[in-house]
Amino acid sequence: MAVSMKDLDPAFKGAGQKDGLEIWRIENFNPVPIPESSHGKFYTGDSYVILKTTASKSGALRHDIHFWLGKDTSQDEAGTAAIKTVELDATLGGRAVQYREVQGHETEKFLSYFKPCIIPQEGGIASGFNHAEAEEYKTRLFEVKGKHVVHVREVPFARSSLNHDDVFILDTESKIFQFNGSTSSIQERAKALEVVQYIKDTYHDGKCDIAAIEDGKLMADAESGEFWALFGGFAPLPRKGASDDAKHGSHPLKLLRVEKGKAEPIEADSLTRELLETKKCYILDCGLEVFIWMGRNTSLDARKSAGVSAEELLNSTDRPKSQIIRIIEGFETVMFKSKFDSWPETTNVQNSEDGRGKVAALLKRQGVDVKGLLKAEPVKEEPKPHIDCTGHLQVWRVNGQEKISLPDSELSKFYSGDCYIFQYTYNGDDREECLIGAWMGNNSVEGDRTTALSMGCKMVESMKFIPSMARIYEGSEPIQFHAIMQTFIVFKGGLSDGYKNHIAEKGIPDETYKEAGVALFRIQGSDPENMQAIQVEPVASSLNSSHCYILHSETALFSWSGSLTTSEDHELVERMLDFIKPELQPKSHKEGIESEQFWELLGGKTEYPSQKIVRGKEHDPHLFSCHFSKGGDLKVKEIYNFSQDDLMTEDIFILDCHSEIFVWVGQGVDPKSRMQSLTIGEKFIEHDFLLEKLSRTTPMFIVMEGSEPPFFTCFFKWEAAKAAMLGNSFQRKLTILRNGGTPPVVKPKRRPSLQYGDKCQRSSRSMSVSPTPERVRVRGRSPAFNAIASTFEKPKDRNLSTPPPIVRKVYPKSGTANLNTLSLGLGSKSSAIARLTSSFEMPSARGKLIPQSLRVTSNTLKSNPERSDSEDSMSSRLESLTEEDAKEGEADDDEGLPVYPYDSVNTASTNPVPDIDVTKREAYLSATEFKEKLGMTKTEFYKLPKWKQNKLKVTVQLF
């Protein structure tokens with residue numbers, strides 16, 4: 001599109017350069033900016049141009065332009081608004097979507113900018129705003145429609161305006177009444193209360209009474225009597241007539257080409273993208289929606305002419321309330337594309353970017369800041385898991401119709417031919433959270449997948465739907481999963497009977513991982529708390545310059561770093577070597593200087609990919625209301641500019657983040673629909689309503705209202721008090737309204753223990769198992785406890801140069817001395833802990849940490865004269881102490897408190913420890929001494945009521 005400065009209205013210079021709304025009113029055929037304080041205030045006699053600028057995660061600015069026409073605006077003003085909209089689009093580079101908005105029939109996207117509603121006022125610029133308010137307050141009656149966004153229409157103040165199907169608001173000088181039709185939905189009633197709050201704040205300065213009137217109550221209560229008295233008494237309400245939308249009925253799609261100001265129909269067997277030429281404009285008439293498609297190479301005059309033709313089409317067919325939507329080639333909306341029988345997946349939009357640059361250059365010469373016109377560089381931020389990684393993890397492997405619990409040492413080692421179920425409990429903001437998930441390997445059989453999902457759903461159901469549920473496929477794991485597993489390894493093959501039977505029937509060789517065989521692992525991840533090793537085919541073509549790899553045989557171990565990898569990638573490889581063949585000393589290779597033995601293990605050197613792997617662009621989240629129709633079809637409706645208030649307890653919503661989707665299920669959803677939540681999510685992914693190429697393996701989370709995890713609430717400005725409220729949507733909104741606009745603080749009920757089954761051993765994430773059974777990795781413990789665990793480890797033949805995160809090798813020499821002393825005069829485990837804890841406070845001991853980069857060879861270990869048999873014995877004893885404490889002391893050690901002997905913390909102590917919390921003296925005891933004194937573990941103790949805890953503490957002088 002050719003652009004010149006005469007096409008650019010001076011009022012639009014600098015527009016659209018930052019996120020937010022900008023509004024102009026048409027005055028004397030010119031756009032005049034409206035101050036932000038007046039946004040949302042419209043007059044029936046005027047026309048407006050509204051620009052919504054949205055900053056996406058990718059750094060680009062997206063624009064939507066609307067021109068709003070009041071019911072009393074002149075034809076000239078309406079035409080000017082339409083033309084100025086096209087000029088504003090040209091100013092922005094010619095790629096905004098443009099909407100025609102008629103008062104009373106606005107699009108939901110437009111209304112979402114002005115939540116909860118807009119209530120146009122009488123008058124306008126042409127009349128000189130001669131609409132001075134009367135001295136007496138004018139009583140008004142409004143009809144309110146909409147479950148998600150609200151259409152408010154003033155109707156005559158008469159009983160005949162009421163009906164049983166809708167919600168009405170009667171605004172009087174001293175009181176606002178909301179009349180709920182007997183067949184109106186709870187969601188509509190709830191949304192109408194937001195309008196009541198708006199009217200109260202806007203027209204009554206927040207000072208007036210509120211009354212809710214239920215249709216059918218007659219004169220049962222004083223407020224109902226007061227309401228009907230204003231209408232002259234009660235009388236039966238009339239039946240509601242047919243709606244305007246129903247009168248339109250179905251409308252056949254028609255495609256028209258605009259040439260020389262005339263719209264000519266195009267005859268075609270089917271609607272396809274190939275019918276649209278880039279040098280022309282077209283009109284797609286869908287009845288209630290009329291689209292204008294403008295090719296990239298059309299002139300500004302041609303685009304204006306297409307708009308005039310669309311207006312004439314509506315006037316000639318008596319459809320003044322239909323919506324006109326203008327679309328630029330290359331930036332078609334999902335709704336527009338869905339009208340066609342076929343639409344190509346990609347379209348070249350480079351010319352549009354060039355046009356945008358030309359406009360920016362023109363404005364820059366005029367002294368205008370054009371920063372917003374040019375595409376911004378995306379903000380490079382690593383996604384955050386929003387989940388506590390020190391919780392408790394259980395994992396089961398699915399085998400037929402049963403599940404097999406994995407030992408602690410195997411919790412994060414999966415096989416591609418198997419399916420797994422995991423349960424993870426962790427501390428949330430103000431309560432214990434739980435996530436139950438099913439992980440399905442790429443080569444797993446369908447039977448195991450079905451069983452995994454079924455078992456996971458039954459676990460959630462047995463725990464009263466409190467946990468969130470995750471459906472995860474191999475290769476598409478969400479960041480939360482990797483944060484939980486931390487060090488995740490996927491082996492080839494499988495161990496389940498289903499997998500073994502499958503490969504036997506198909507005659508497929510068993511490729512299940514064997515330590516003695518040749519194996520190649522691709523190493524990936526973002527940091528030591530989030531790293532993965534994925535076994536791939538042991539051939540050279542599996543390599544990629546963007547990754548690091550580990551290759552091993554029975555007797556050899558290699559690490560390989562691609563030329564495009566970073567130092568962070570290299571660190572991950574070093575750490576992962578401690579989990580894969582730790583008994584072998586690795587040989588490091590860089591791309592281009594490999595040894596012959598390396599290539600021999602891979603079957604010879606061949607070509608492999610060397611391009612940089614670029615992370616896919618981030619997508620902005622979208623919220624949809626979803627339900628199945630009576631015919632079994634999935635009905636989806638997008639909620640624009642969503643917030644927590646849009647999550648109605650009676651509905652199911654899907655939050656589409658592209659990389660993952662969340663299915664939110666309200667507490668008011670009927671049991672049948674609740675059980676269909678997983679199916680709804682799968683249907684949503686299958687239909688790909690946003691046409692964004694959603695993968696069938698996209699991770700899915702099922703989230704129950706009231707148990708929303710932090711990685712879901714992070715997409716909202718979340719208020720926990722609202723989430724904790726009881727009742728249906730209308731009752732909750734009414735409570736907030738009567739509470740001054742804020743939700744009441746409700747003390748949450750105590751949750752049942754989030755543990756599945758009585759026979760399951762609960763694995764503590766406080767104790768993460770490291771590469772070998774002899775090494776214990778401790779998380780979430782006090783510094784003293786961590787130091788003890790790491791000090792008394794048995795090093796392997798190959799020293800762990802890059803130990804797993806959190807582990808610290810604390811000054812081994814001084815630790816050895818303390819061990820020898822303890823081995824001679826050790827009274828108890830608790831005294832051992834106390835003595836070691838005091839030694840950690842010695843200034844001379846600080847700073848003697850073994851650096852992570854130091855690797856001690858087997859020769860160094862053999863020549864260490866300080867290593868003794870007594871140390872080995874004590875190491876074993878303290879290792880068992882570490883494991884015992886890790887299993888028993890789950891409660892308060894996670895707070896990082898030091899450990900003291902009972903004699904130093906009880907109320908009768910002659911040598912008390914200073915600076916402790918005297919209200920929780922028991923928290924400083926070791927797990928062993930805690931159980932000895934109180935007769936139970938910490939976990940059991942903290943499940944008791946507070947009064948019973950205090951009673952027990954008094955008996956042992958801890959209170």
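These numbers come from a predicted model, not from an experiment.

(A) Summary view of the overall build of the chain. Scanning the chain from terminus to terminus reveals 27 helices and 34 strands. Burial analysis of the chain (959 residues in total) assigns 51% to the buried set. Put simply, 68% of the contacts in the chain that link residues at least 6 apart link residues at least 24 apart. Surface summary for the chain: the accessible area is close to 44600 Å², and the carbon and sulfur share equals 50%.

(B) Structural context of unusual backbone geometry. Looking along the chain, the bond that leaves Lys115 and enters Pro116 is cis, with omega of 10°. Structurally, Pro116 is set in the loop between helix 2 (108–111) and strand 6 (140–145). For Phe465, which is not a glycine, the phi torsion comes out positive at approximately 60°. For Lys581, which is not glycine, the phi dihedral falls at a positive 50°. Counting through the fold element by element, Lys581 comes out in the loop between helix 12 (567–576) and strand 27 (587–590).

(C) Inspection of the sheet that holds strand 13 (residues 281–285) at higher detail. The mixed open sheet is built from 10 strands, whose spatial order is 2-1-3-4-5-15-14-13-11-12. Each edge of the open sheet is held by one strand with a lone partner, namely strand 2 (30–33) and strand 12 (262–265). The average angle at which neighbouring strand axes cross in this sheet is 25°, direction not considered. Pairing between strand 4 (residues 61–69) and strand 5 (residues 97–102): six bridges, direction parallel. Bridging from a neighbouring strand, Phe67 pairs with Arg100 of strand 5. On the sheet, helix 1 (residues 75–91) packs against strand 1 (20–27), strand 2, strand 3 (47–55), strand 4, strand 5 and strand 15 (323–328) and is oriented at approximately 25° with respect to strand 3. This element, helix 6 (residues 300–316), spans strand 4, strand 5, strand 11 (254–259), strand 12, strand 13, strand 14 (289–294) and strand 15 of the sheet and lies at about 25° to strand 13.

(D) A look at the side chain of Thr649. Tracing the backbone shows Thr649 in the loop between strand 29 (634–639) and strand 30 (652–656). At 2.6 Å, the side chain of Thr649 forms a polar contact with the side chain of Glu705. Apart from the residues within four sequence positions on either side, Thr649 is in contact with Trp664, Gly666, Gln667, Gly668, Val669, Glu705, Gly727, Asn728, Ser729 and Arg732.

(E) Here's a closer look at the sheet that holds strand 7 (residues 151–155). Spatially, 7-6-8-9-10 is the arrangement adopted by the five strands of the open sheet, whose pairing is mixed. Both edges of this open sheet fall to strand 7 and strand 10 (209–214), since each of them pairs with a single strand only. For this sheet, the mean angle separating the axes of adjacent strands, direction not counted, is 25°. As paired elements, strand 6 and strand 8 (residues 167–171) share five bridges and run antiparallel to each other. Counted as the bridge partner of Val144 is Val167 from strand 8. Here helix 4 (residues 222–230) sits on the sheet in contact with strand 8, strand 9 (175–180) and strand 10, set at roughly 95° to strand 9.

(F) Layout of the packing of helix 1 against helix 6. Where helix 1 contacts helix 6, the two axes come as close as 10 Å, and the packing angle between them is 145°. In this structure, helix 1 crosses over helix 6, and the sense of that crossing is right-handed. Within the contact between the two elements, helix 1 uses Ile83, Val86, Glu87, Asp89 and Ala90 and helix 6 uses Leu300, Arg303 and Lys304. When its residues are assigned to classes, the contact of helix 1 with helix 6 shows four nonpolar, no polar and four charged.

(G) Layout of helix 12. Listed as buried for helix 12 are Leu572, Val573, Arg575 and Met576. Along the axis of helix 12, the buried positions cluster into a sector of 165°, meaning they face one direction only.

(H) How the structure looks around the environment of Phe628. With respect to the helices and strands, the residue Phe628 is situated in strand 28 (residues 622–628). The exposure class of Phe628 is partly exposed, given its relative accessible area of 22%. Sequence-wise, Phe628 and Ile680 are 52 residues apart; in three dimensions their C-alpha atoms are separated by 7.9 Å. If sequence neighbours within four positions are ignored, Phe628 has contacts with Asp633, Leu634, Gln676, Thr679, Ile680 and Lys683.

(I) Molecular detail of helix 18 (residues 729–738). Most of helix 18 sits inside the fold, with seven of its 10 residues counted as buried. Within helix 18 the residues assigned to the buried category are Ser729, Phe730, Arg732, Lys733, Leu734, Ile736 and Leu737. Phi turns positive one or two residues past the end of helix 18, at Gly740, with a value near 85°.

(J) How the structure looks around the packing of helix 3 (residues 186–203) against helix 18. Between helix 3 and helix 18, the shortest axis-to-axis distance is 7 Å and the interhelical angle comes to 15°. Classified by the angle their axes make, helix 3 and helix 18 are roughly parallel. Where helix 3 crosses over helix 18, the handedness of that crossing is left-handed. Between helix 3 and helix 18, the residues in contact are Ile186, Arg189, Ala190, Leu193, Glu194, Val196, Gln197 and Lys200 and Ser729, Phe730, Lys733, Leu734 and Leu737, respectively. Its residues placed into classes, the contact of helix 3 with helix 18 shows seven nonpolar, two polar and four charged.

(K) Structural context of the environment of Gln17. With respect to the secondary-structure elements, Gln17 resides in the segment before strand 1. As a C-alpha pair, Gln17 and His63 span 46 residues in sequence and 9.8 Å in three-dimensional space. Here the side chain of Gln17 touches Gly14 through a polar contact of 3.3 Å, landing on its backbone oxygen.

(L) Looking closely at the nonpolar core. If you look at the biggest cluster of nonpolar residues, it comprises 56 residues, and the most contacted ones within it are Val395, Phe521, Ile550 and Met576. Structurally, this core is a two-domain feature, drawing no fewer than three residues from each of domain 4 (392–602) and domain 5 (622–739). The contacts of Ile550, once residues within four sequence positions are left out, are Ala519, Leu520, Phe521, Ile523, Leu557, Phe558, Val573, Met576, Leu577 and Ile580. Grouped together as the second largest cluster of nonpolar side chains are 35 residues, Trp396, Met469, Phe624 and Cys626 included.

(M) View of the pairing of strand 10. Here strand 9 runs beside strand 10; their pairing, made up of six bridges, is parallel. Bridge pairing links Gln178 to Ala212 in strand 10. Read from strand 9 through helix 3 to strand 10, the crossover connection turns out right-handed.

(N) Geometry of the packing of aromatic side chains. Per the stated rule, a full pass over the model turns up 54 aromatic pairs. Between Tyr415 and Phe491, the ring centres sit 5.2 Å apart and the planes meet at 40°, which makes this aromatic pair tilted. Residue Tyr415 is located in strand 18 (residues 413–415), and its partner Phe491 is located in strand 22 (residues 487–491); the two are separated by 76 residues in the primary sequence. The same class applies to Tyr415 and to Phe491, which are both buried. A centroid spacing of 5.1 Å and a plane angle of 55° characterise the contact between Phe701 and Phe711, whose relative ring orientation is tilted. Taken together, the positions of Phe701 in strand 32 (residues 700–704) and Phe711 in helix 16 (residues 710–713) put the pair 10 residues apart, joining distant regions of the chain. As far as the burial class goes, Phe701 and Phe711 line up, both buried. Site record: aromatic cluster; members linked through ring pairs are Phe642, Phe662, Phe701, Phe711, Phe712, Phe715, Phe716 and Trp718.

(O) Geometry of the environment of Lys337. Examined against the element boundaries, Lys337 turns out to sit in helix 7 (residues 334–338). For the pair Lys337 and Thr272, spaced 65 residues apart in the sequence, the C-alpha separation amounts to 9.5 Å. Once you skip the residues sitting within four places of it in the chain, Lys337 turns out to touch Glu332, Trp343 and Leu691.

(P) Expanded view of the confidence of the model for the chain. For the chain, mean pLDDT is 81; residues scoring 70 or higher make up 77% of the total. Ranking the elements of the chain by mean pLDDT puts helix 20 (residues 812–825) last, at 35, and strand 21 (residues 468–473) first, at 98. Low confidence marks residues 347–353, where pLDDT is under 50. Its contacts with residues over four positions away, or in another chain, come to 15 contacts. Note that residues 758–894 has pLDDT below 50 and, in this model, 252 contacts with residues that lie over four places away or in other chains.

(Q) Structural context of the pattern of salt bridges. Throughout the structure, instances matching the rule amount to 38 salt bridges. Between Arg319 and Asp285 there is a salt bridge; the shortest N-O distance is 2.8 Å. Of this pair, Arg319 sits in the loop between helix 6 and strand 15 while Asp285 sits in strand 13, and the two are 34 residues apart along the sequence. The pair Arg319 / Asp285 is uniform in exposure class, with both members buried. Here Arg471 ties to Glu682 by a salt bridge, and the two come within 3.8 Å at their closest N and O atoms. One end of the pair, Arg471, is in strand 21; the other, Glu682, is in helix 15 (residues 677–687), and 211 residues separate them in sequence. You can call Glu682 partly exposed: its relative accessible area is 31%.

What counts, and at which threshold
Residues numbered from 1 in each chain as written. Predicted model: local features only at pLDDT ≥ 70, side-chain atom pairs only at ≥ 80, totals over all residues. Heavy atoms only, no water. Helix = DSSP H or I, 4+ residues; strand = E, 2+ residues; numbered from the N terminus. Buried < 20%, exposed > 50% of the residue type's maximum accessible area, 1.4 Å probe, protein only. Contact = heavy atoms within 4.5 Å. Areas by Shrake-Rupley, 256 points an atom, 1.4 Å probe, with all protein chains shown as cover. Pairing = 2+ DSSP bridges. Axes fitted to C-alpha atoms, helices over the stretch in contact; angles between N-to-C directions. Polar contact = N/O pair within 3.5 Å; in protein donor to acceptor, adjacent residues only side chain to side chain. Left-handed = near helix turned anticlockwise from the far one by under 90°. Nonpolar A, V, L, I, M, F, W, Y, C, P; charged D, E, K, R; others polar. Arc of directions from axis to C-beta. Parallel < 35°, antiparallel > 145°, perpendicular 65-115°, else oblique. Core = buried A, V, L, I, M, F, W, Y, C linked by side-chain atoms within 4.5 Å. Domains from an automatic or database assignment. Right-handed = clockwise from strand over helix to strand, strands pointing away. Phe/Tyr/Trp six-rings, centres within 6.5 Å; stacked < 30°, edge-to-face > 60°. pLDDT = per-residue confidence, 0-100. Salt bridge = Lys/Arg side-chain N within 4 Å of Asp/Glu carboxyl O.

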